[in-house]
Amino acid sequence: MGLLDIAIIGGGPIGIACGLEAQKKGLSYVILEKGPIVNSLFNYPANMQFFSSSERLEIDDIPFISKEAKPKRDEALEYYRRIVTSNKLNIQLFEKVLEVQKANDIFHVRTSKGQYQANHVIVATGFYDIPNLLNVPGEDLPKVSHYYDNPHYYAGQKVAVVGASNSAIDAALECWRKGAEVTLIIRGTEVGQRVKYWVRPDIINRIEEGRITAFYNSTVKAIHEDTLEITNEKGETKTIPNDFVLALTGYKPNFQFLEMLGIHITKDEKRLPEYDPETMETNVENLYLAGVICGGMETHKWFIENSRIHAKMIVAHILDKNQKRHP
Ligand SMILES: Cc1cc2nc3c(=O)[nH]c(=O)nc-3n(C[C@H](O)[C@H](O)[C@H](O)COP(=O)(O)OP(=O)(O)OC[C@H]3O[C@@H](n4cnc5c(N)ncnc54)[C@H](O)[C@@H]3O)c2cc1C
């Protein structure tokens, strides 16, 4: 492909938005995606419904038509795939970026399949690859999963769902509705306040009715083949029968990858990457961040709705720089 204007790492909604914007503005680019198109969305639960209405997930004002106001995962897959195919975006799938080195102002991008050179790099790698682990004995047992797909699998089984945010609450309700015996293990005092407003009353009512058991102020101490040990804030321990554990305690960006790129990250628990919020350029010149990766450990801060704008900001900044270099 020769020397590109931009190499975009990650083919999620925001990486795709960056590619589309670059193409519209006549810049050469490639999107490098380690999985299928919008890999993270592809791995969301089968029946997942977005909290955003479809027009708020649109890229470049291309209409996103969904059956209900808030689209389902499959509708989002259709939408973003059609953007890629109908605009013939230059995307390389199942090609993982392994290393990026900068020499003489050119980025050398090494992937699982080849090498690319670019004047600018946009990192849009999201945060869905690395789960926050419980770090307890037994977490590596095959019955434990940090991702949830389909409730059918858990019918008739004793399922412990760890977490109190949208992913955990959706999974708990779905599994219970398909005949699982569900126990929720919640570290805090209540179901998360950010749980979708139409789902929160549902789970609270099911808990109050006693159909779903919830342990508040509780964490998992150990996981065994047929049981689970839970401990509360007083240090009291309880052992419950258990077939499966869904540890849905969130995900985090690949900080190692960002550090390899030379991006500064704050030392506090937020682990915020350094970038200029006006341009999205990081402390490494010509290296940009886009999408939910920008939030560090604050993974609730950025989503498609409020980060799709990054594509236009970055491409405008690159064009502006090019203009200044070659007026
Ligand atoms: C369950 C759930 C529900 C959500 N609901 C909503 C919602 O309703 N509304 C909303 O606005 N947001 C929502 N979000 C947030 C938002 O959908 C996602 O975070 C969104 O996918 C972010 O887009 P992104 O392009 O920044 O990152 P991602 O979609 O995560 O894309 C990153 C891509 O980078 C790829 N990648 C990673 N590392 C490499 C590498 N080294 N080389 C090549 N490719 C790589 C990944 O495979 C992935 O495809 C939700 C998130 C979750 C988890």
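Thresholds, definitions, all that
- Residues numbered from 1 in each chain as written.
- Predicted model: local features only at pLDDT ≥ 70, side-chain atom pairs only at ≥ 80, totals over all residues.
- Heavy atoms only, no water.
- Disulfide = S-S within 2.5 Å.
- Buried < 20%, exposed > 50% of the residue type's maximum accessible area, 1.4 Å probe, protein only.
- Helix = DSSP H or I, 4+ residues; strand = E, 2+ residues; numbered from the N terminus.
- Pairing = 2+ DSSP bridges.
- Right-handed = clockwise from strand over helix to strand, strands pointing away.
- Salt bridge = Lys/Arg side-chain N within 4 Å of Asp/Glu carboxyl O.
- Near = heavy atom within 4 Å.
- Polar contact = N/O pair within 3.5 Å; in protein donor to acceptor, adjacent residues only side chain to side chain.
- Areas by Shrake-Rupley, 256 points an atom, 1.4 Å probe, with all protein chains shown as cover.
- Nonpolar A, V, L, I, M, F, W, Y, C, P; charged D, E, K, R; others polar.

## Side note on the state of the cysteines
Reasoning step 1: Overall, the coordinates contain 0 disulfides when judged by the stated rule.
Reasoning step 2: With no disulfide of its own, Cys294 lies closest to Cys18 among cysteine sulfurs, the gap being 9.7 Å.
Reasoning step 3: For Cys294, a relative accessible area of 2% translates into the label buried.

## Brief notes about the pairing of strand β9 (residues 158-162)
Both faces of the sheet carry side chains from a regular strand, because those side chains alternate between them.
Reasoning step 1: Among the 5 residues in β9, 4 count as buried, and that is most of the element.
Reasoning step 2: The pairing of β9 with strand β10 (residues 181-185) spans 5 bridges and is classified as parallel. Paired with Val159 across the bridge in β10 is Val182.
Reasoning step 3: Between the parallel elements β9 and β10, the chain passes through helix α4 (residues 166-177) in a crossover that is right-handed.
Reasoning step 4: For β9 and strand β15 (residues 244-247), the ladder comprises 4 bridges, and the chain directions are parallel. If you follow Val161 over to β15, its bridge partner there is Leu246.

## Description of the pattern of salt bridges
Reasoning step 1: Per the counting criterion, the structure on display carries 20 salt bridges.
Reasoning step 2: For the salt bridge of Lys72 with Glu68, the shortest nitrogen-to-oxygen distance reads 3.9 Å.
Reasoning step 3: A relative accessible area of 45% places Glu68 in the partly exposed class.
Reasoning step 4: Three or more residues joined by partner-sharing salt bridges are found here, namely Glu21, Lys24, Lys25, Asp60 and Lys312.

## Topic: the site of the ligand
Reasoning step 1: As a matter of local geometry, the ligand sits amid 32 residues, with Glu33, Asn39, Ser40, Phe51 and Ser52 nearest to it.
Reasoning step 2: Between the ligand and Phe51 there is a distance of 2.6 Å, counted from an oxygen atom to a backbone nitrogen or oxygen.
Reasoning step 3: One nitrogen or oxygen atom from the main chain of Val292 is found 3.1 Å from an oxygen atom belonging to the ligand.
Reasoning step 4: Considered on its own, the ligand offers 980 Å² of accessible surface; in the complex 93% of this is hidden by protein.
Reasoning step 5: Contributing elements (two or more residues each) for the shell around the ligand: α1 (13-24), α2 (39-42) and α7 (304-307).
Reasoning step 6: Ranked by residue count, the leading element in the shell around the ligand is α2, at 3 residues.
Reasoning step 7: Along the lines of polarity and charge, the residues of the shell around the ligand split into 17 nonpolar, 9 polar and 6 charged.

From the geometry alone we can't say anything about function, so treat these as descriptive.
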